[in-house]
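# Structural description and commentary
The lines below spell out each chain.
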Amino acid sequence: MAKKRGLDHLGTGQSVRRLERIASGDAPDDWPGTVLPKDETPPPSPERLGRREERSYRTRDWGQPSPERRAAPALPPEPRLEPKQELVIPSVMNADDVAGIPRRKRLLRDTIPGNAPLPSSRLTRGLWADVQRHLIQAYEYLCHVGEAKEWIEGCLGEPLPFGVVEMEEQLRNGVILAKLVRVFQGEAAVRRIYEAPKLDFRHSDNINHFFVFVRYVGLPEGFIFELTDLYEKKNLPKVIYCIHALSHLLARRGLANRIGNLVGQLEFSEDQLKKTQKGLKEAGVPMPNFGNVGRELAKEINEEPEEEPETEDERRDRLLLECEDSIIDLQAAARAFLVRKAQTTQRARMRLAERYIPKLQAICRAALVRKRLRQERKQVGDLRPWVLALQAHARGLLVRRQWRQHLRRIRASIPFVVKVQAQSRGVLQRRKFQKLKAAIRSCKVSVVKLQSVARARIAQRSHKEIAKAFARPVVMENIIALQAHARGALVRARLARQRTLLARAQSGVVRLQAQVRGVLIRRRVRTQLAKLEDVTDVVVRIQAAVRTYLARKRLLGLIRGLRSATPALIKLQAVARAKLAKQQHEAMQRALSEVKVVKAVGSFQARARAALARARHQEQVKKLEFVEPDVVGFQATARGYLVRVEWHAWRDYIRNSHPQATFLQALLRGTLQRRKFREKMAYYRSNLDKIVQIQSLFRAKETREQYRQLTLGTNVTVGTIKNFVHLLDDSEGDFQEEIKVERLRQEVVKGIRENQALEHDVSELDVKIALVVQNVKNFEELLKTRRRMGTDNVAIHAARASVLAAHGDPFASPSTLDRRAKRKLELYQQLFYVLQTDPKYLTRLFAKVSADGNWEKNRKLLERVVLTLFGYGQAPREEYLLLKFFQTAIHDEVTAATSVEDVIRAHPSFINVAVHYLRPKQTTYIRETLQGVIREVIDAEDLDLETDPCVIYRVRTDLEEMRSGSPSKRPKDIAFHQALHDPDTRAEYIRHLQVLQWWTEEFVRAITSSLHRMPYGMRYMARETLSAIKSKFPDASMEACAACVARLVYYRYINPAIITPETFDIVSTTVDIASRKNLAQISKMLTQITSGAEFGDDSPSYIPVNDYVRKSIAHFSAWLMEVANVPDAETEFHAHEFLDATIQPRPIWISPNEVYSMHSLLSQNLEYLAPDRDDTIRVILTELDGVPNMGNDELNEARDTAIELQLSNRFARVKDPRADEKALWVQAKRAVLAILRVQPAKDLVESLMQPVTDEHELVWEGILEEMEKDQLRHQRRMPSTTGADAAYRLEDIRSMYFREVKAHAIYFLLELEKMGKITRMDGYQGILNAIAGDVRSKNRRRVQRQREKESLEESLKYLAERKKYYEEQIRQYHDYVEAAMNTMQRGKGKRRLLPFTQQYFHTRELQKAGKMPQFGSYKYSAQRFYDKGILLSIENYSPRQFDKLDIVLSSNAVGVFTIELFNHTLGITNRMGTADVKMEDLLQAQFEDRASLSLFNGLAKFNLNLLLWQINKK
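Residues numbered from 1 in each chain as written. Predicted model: local features only at pLDDT ≥ 70, side-chain atom pairs only at ≥ 80, totals over all residues. Heavy atoms only, no water.

### Some remarks on the overall build of the protein
Across its full length, the protein carries 56 helices and 11 strands. Within the protein, the proportion of its 1514 residues that are buried is 34%. Accessible surface for the protein amounts to roughly 95,800 Å². Of this, 56% is attributable to carbon and sulfur atoms. (Helix = DSSP H or I, 4+ residues; strand = E, 2+ residues; numbered from the N terminus. Buried < 20%, exposed > 50% of the residue type's maximum accessible area, 1.4 Å probe, protein only. Areas by Shrake-Rupley, 256 points an atom, 1.4 Å probe, with all protein chains shown as cover.)

Here it is as structure tokens:
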């Protein structure tokens, strides 16, 4: 173990004993170790290709795939067991370190089988000390004590006779420390070591030997403990800390080896840990940072921190991690070989059994077919189940049909049944009511009599009781009864008087009651009539139902009567018929008896014959109809035979005459075609100019059609691609425009940062000057600010870099050799990249910080960092990411709201960021939209839009007094309604409302007509607001949604320009008060319209314009909905999931102090921002290992300068899941485009099928030569970095012959067809559409670049104006600072010192030593300061000892005071502490109402106000 840690040879060259010996038996020898989990270690990172593999990979991709490669199946991923140990976050620091505390070891124990090599804790992490987590401080402290013990043993060359726990007690006598000094300095330095068994004061001599030694070797004072710390056990951890620091110092000097690290390797019992923890808690001293002792020591002695030696475990881990890719490749190759071998064996077995498989399959199929046929025959033969099922189905159908008819009849009669029931109930209720009413009326007299008798009985009973009471003799025994009777008499007299008064007023009361009853009756009657009017239709329906009922009743009665009279009627009808028959018979008899009988019989016979003939004819027709089918068939057969005979004759004739007919037809066709051709040629020659015009029109139409196909992207032809393929090439103009836009963008970002810095400096200067005037700040910080505003030359930059490098700052230089600093720089780059690309962290941080109490403290920092992080949205990528941040923030805000009103009234925390982002674009839009109408309002003479009648009335009264010269008799302060009753005021008020409504309409018209000019960023935020509102509150009305959008669009974007137009450069001068009031009135109207509600009672003067407001709300709401109608950000910026793979993230300019402040905020809110342990932000912050120390003023000033921070993505996916598919698309488009350049045809398939000749090879060589010449002409042009342009560069195929290019194109197209992306059925139209899409993207890029150029130029103009304004402000401040500094240089003159005083001797000593400060030095006794109340306390000293202590106040620089504390208790002056205090710190502390000030690391405490008074006095 000692050999492993590199501690074989310490100071004396002897080996160190085993670590178990150090713990002095604190744990048994058979302490059980934990068993390593059997799970596999986590899989390594995804494989990466080296240069050789990448070259072979590219050659393999372009080569023809071999059959073996095609047949090889994809290797399935092996299942990986999840490790059962806790999650381990990757880090660059030592894997055993605790996050946030360097060099603090985790409580981990790693055990592996005995026959395996011992891995380090990087690769195995077995947790074993979770039970000691609550005692972690005590455990680590004991481990550090053990480290010190181990080091001392190594230096002494002998084991110490005590354990780790007893070491603190054994160090108190100083014997071990004196022996340690003797080892390094010999016997001469320590002649005698006092060794007494009992602790004595003379043991302090041993400790003093150690003090002399550590100061001799140069150990800084900050690491040296006091005598009482060890002797009286005041601060034992500092003693151990001093030993650790001494070991590092001696290791640097080559005198001893560095102390070891035993955290996590020693074992203690729980009782020992609890005892140590209790002692540390009772001591109340801070625990030093043992892990950082080496770096702190190097910083104090101004040396570079030395690198720790690499252990065997670390070397083995490093070698394993370096070969990780090779090991993974080897494993993958081995698995692939095994899988291929298994598949080859399986194929061989299948080939051996191939001849038996078809026969077996045929037998199985035959058996299955026969079985199925038997089942089908059996089912067909037995029809009984089918018949039963059919009958059951029929019965069910009939029953359901009858049931439905029954239900239908019941439903049809429901209204009538309900009406009959209602009528029946009504009749029954009315009958009951009539009976009850009649009964009450009949017994009314009896009831009245009964009531009168009851009242009489009650009255008689009370009268009898009163009479008995008065008749009973009562003797008043005391005055109380007399008083009661007197009171009763008085009460009865008062009641009598009240009854008299009531009797007098009875008539009036009766009349009043009558009036009240009349009012109530009339009201009840009106209510009853209103109810009757409401139920008129119901009454009418009831009456109609009653009439119907009565009519049916009468009809039923009539039917019953007729049924009862039916037999009589039948008899009557029979008699009538008989009578009629007799009459007819008699008439027939009389007719036959006449002479006309013969003639009548002859006509009768003729009619009979006709009837017989008709009967025979009908019989014959029936027979013919019966044989009609046979006759028709016979006729059809005959006709068919005749037609076939005729057709065969014609066929034979035509066949025999076929040569003659063909020759004749050819002659005729030739003659006709020649005639038509001659006529057409003559027509063409006569109209040649028109034909040329038609051809040009046709070509133009064809070109337009091809362009339309190109823009639509569907069914693009080969000719279209060939005609527009030149658009894919970058011209020199495109390159120059791209460079110009990039330069403008950099200038805009730089200008924005400069303006922001200037604005911040102006604000700081303003505040600081005010504080200095109030004696809260001094002028030193002003000088520093002024110095920062100067030119940052090379010398200042080098000085800043050296200061940062001296403190190990990662931002000292990007080429630093410090591995830790370089790694921290990479982590900060990754941190800010994650913050930029994942908006959830920033939105959560905004929400968390805004909810805390220190929001105003951190608001400006967050806003400044966010705007810097996204480059103020000046580049497309950064603007897209900034808009995605706004999208997430808006959705989070709406999700947290409970109602739409909360969203309308809320003040989002991100709104200031949005305002700063939109301000450059907002200025142009506002100026173009509202400049005209705002200037009209300002330039309008005598325009007054005051809408308060009270104010109008007061103004008119003041005007009358001015005209008349005498005070008005009318009151000035009157109410709203009283002012409206004044005629003149009312007329003026109405006129003002009309003018205000007209101007508001003008503003509404100007705003609603500016939709096409509104920037996309503003409309996108409106779109996301509307989307979030509809998602959260789907039932919200359009007005409510529009109000939420208006809160962002109007209130934050348009309304500030109306209120303060001078800030948007709409007007050149300050707006006068009257115009500002008019603009405020218009703003109030527009605000009410955008809120979606009318004016209420709180604004009575605006209620008359509510009709206009209501109409404008609908109009403005529709406009706001149209504002939100824009495409999403992905469509607008052509973004996709691999945006960063095609567009490189731009660096940001940010100061290290801003980086550290952001780091601090993220660390404080880490649990809320990243609750998951494997979250990206948590991984990075864990590796960063805490926020760096702020340091001194020089370091802070160096960190205030902005540096360029590159952003990098550590967590990017190494391989795109669709990378193979995309590579196929790119290669296919590149090869197809090359084919179309050499072999154009009507469609792509025809081009692919054409054979390759030598002429084609020559054309291909010419294309390559032309491309090389173009590259030579434009050597300084950078290739395009977009994915669409990179697909058409021919660098990868220029070394191939054209036939190889064509073969590759066919192969890639077939691969895409196998994947289902394209098909040969449409001639591979999909690849042509993809190329057309790339052409469209190129054109869109040019248009977008032109827009960016115009916007950036406008932004630069605006930024230049603002910069000029800020520089003028700073110049004025500098002039004031010069004047103030000249005033401060006037001193009070030199003070005279009294001779032979303490101050006199102190000044003379300083002058002799040449150390006299520039502004003087003053010496006081601590007792004097204590008596005056300036000194409050000194640790470890009582007030009786203050006369032995001195305090010195001196100043050698403006505003900086040095306070020193000296102790001369033993006659030797010893400096106990020194501290530099700045006046600004003292004033700031006084400004913050702090009562006391602690100095010398808490050793002394002063009264702050009295200390300031003392300093100002001198």
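### Observations regarding the sheet that holds strand E6 (residues 1431-1434)
Taken together, the three strands give an open sheet; going across it, the order is E6-E11-E10, and neighbouring strands pair in antiparallel fashion. Of all strands in the sheet, those with a lone pairing partner are E6 and strand E10 (1492-1495), marking the two edges. Mean inter-strand twist for the sheet, computed between neighbouring axes without regard to direction, equals 20°. Relative to strand E11 (residues 1500-1503), E6 is paired through three bridges, and the arrangement is antiparallel. The partner of Ser 1433 across the bridge, within E11, is Lys 1501. (Pairing = 2+ DSSP bridges. Axes fitted to C-alpha atoms, helices over the stretch in contact; angles between N-to-C directions.)

### What about the side chain of Lys 884?
Structurally, the position occupied by Lys 884 is in helix H31 (residues 876-896). If we ignore the near neighbours within four places in the chain, the residues touching Lys 884 are Pro 839, Tyr 1020, Ala 1129 and Glu 1130. (Contact = heavy atoms within 4.5 Å.)

### Looking at helix H51 (residues 1298-1314)
With 17 residues, H51 extends 24 Å between its outermost C-alpha atoms, agreeing within 8% with the 24 Å of an ideal straight helix rising 1.5 Å per residue. Inspection of H51 places Phe 1298, Val 1301, Lys 1302, His 1304, Ala 1305, Tyr 1307, Phe 1308, Leu 1309, Glu 1311 and Leu 1312 among the buried residues, and these make up the whole buried set. (Expected span 1.5 Å × (residues − 1).)

### Focus: the packing of aromatic side chains
Per the stated rule, a full pass over the model turns up 23 aromatic pairs. Summarising the aromatic geometry, the rings of Tyr 683 and Tyr 684 are spaced 6.4 Å apart at their centres and angled 50° between planes, so their arrangement reads as tilted. For Tyr 683, a relative accessible area of 53% puts it in the exposed group. Among the aromatic residues, ring-to-ring pairing joins Phe 846, Phe 870, Phe 885, Phe 886 and Tyr 917 into one connected group. (Phe/Tyr/Trp six-rings, centres within 6.5 Å; stacked < 30°, edge-to-face > 60°.)

### Considerations on the environment of Arg 215
Topologically, Arg 215 is positioned in helix H7 (residues 203-216). The contacts of Arg 215, once residues within four sequence positions are left out, are Glu 221 and Ile 224.

### Quick look at the packing of H7 against helix H9 (residues 236-253)
As a packed pair, H7 and H9 sit with axes 11 Å apart at the nearest point and diverge in direction by 40°. The angle between H7 and H9 places the two elements in the oblique class. As for the relative orientation of H7 and H9, their crossing is left-handed in sense. Along its contact with H7, which presents Phe 210, Phe 213 and Val 214, the element H9 presents Cys 242, Leu 246 and Leu 250. Each residue belonging to the contact of H7 with H9 can be placed in one class, and the counts come to six nonpolar, no polar and no charged. (Parallel < 35°, antiparallel > 145°, perpendicular 65-115°, else oblique. Left-handed = near helix turned anticlockwise from the far one by under 90°. Nonpolar A, V, L, I, M, F, W, Y, C, P; charged D, E, K, R; others polar.)

### Some points on a positive patch on the surface
On the surface, Arg 400, Arg 401, Arg 404, Arg 408, Arg 409 and Arg 411 cluster together to form a positively charged patch. Along the polypeptide, Arg 400 turns up in helix H15 (residues 384-442). Classification of Arg 400 by relative accessible area gives partly exposed; the value is 41%. (Patch = residues over 30% accessible without salt bridge, like charges linked within 9 Å, V, L, I, M, F, W, Y side chains within 5 Å. Salt bridge = Lys/Arg side-chain N within 4 Å of Asp/Glu carboxyl O. Lys, Arg positive; Asp, Glu negative; His and termini not counted. Charge placed at Lys NZ, Arg CZ, Asp CG, Glu CD.)

### Re the confidence of the model for the protein
If pLDDT is low for a region, its predicted coordinates should not be looked at in detail. On average, the protein scores 76 in pLDDT, and the residues at 70 or more come to 78%. Taken together, the stretch residues 771-794 has pLDDT below 50 and engages in 44 contacts with residues farther than four places along the chain or on a different chain. (pLDDT = per-residue confidence, 0-100.)

### Observations regarding the environment of Ile 1306
Within the secondary structure layout, Ile 1306 lies in helix H51. Exposure remark for Ile 1306: the relative accessible area of 34% places this residue in the partly exposed category. Between the C-alpha atoms of Ile 1306 and Met 1249, which are 57 residues apart in sequence, the distance is 9.7 Å.

### Focus on a nonpolar patch on the surface
Residues Ile 521, Val 525, Leu 529, Leu 532, Val 535, Val 538, Val 539, Ile 542, Val 546, Tyr 549 and Leu 550 make up a contiguous nonpolar surface patch of about 880 Å² in total accessible area. The element that contributes the greatest number of residues to the nonpolar patch is helix H19 (residues 536-564), accounting for six residues. Following the sequence through the fold, Leu 532 ends up in helix H18 (residues 506-534). The class of Leu 532 is partly exposed, set by a relative accessible area of 46%.

### What about H31?
The first and last C-alpha atoms of H31 sit 30 Å apart over 21 residues, in line with the 30 Å expected at 1.5 Å per residue. Of all 21 residues making up H31, 16 are buried, and the element is well covered by its neighbours.

### Points about the nonpolar core
By size, the foremost hydrophobic cluster in this structure holds 138 residues, and its most contacted members are Phe 832, Ile 1054 and Trp 1119. Considering every element that reaches this core, the biggest residue donor is helix H38 (residues 1038-1059), with 13 residues. Discounting residues that sit within four places of it in the chain, Phe 832 has contacts with Val 865, Leu 869, Ile 1148, Ile 1150, Val 1155, Met 1158, Leu 1205 and Leu 1207. (Core = buried A, V, L, I, M, F, W, Y, C linked by side-chain atoms within 4.5 Å.)

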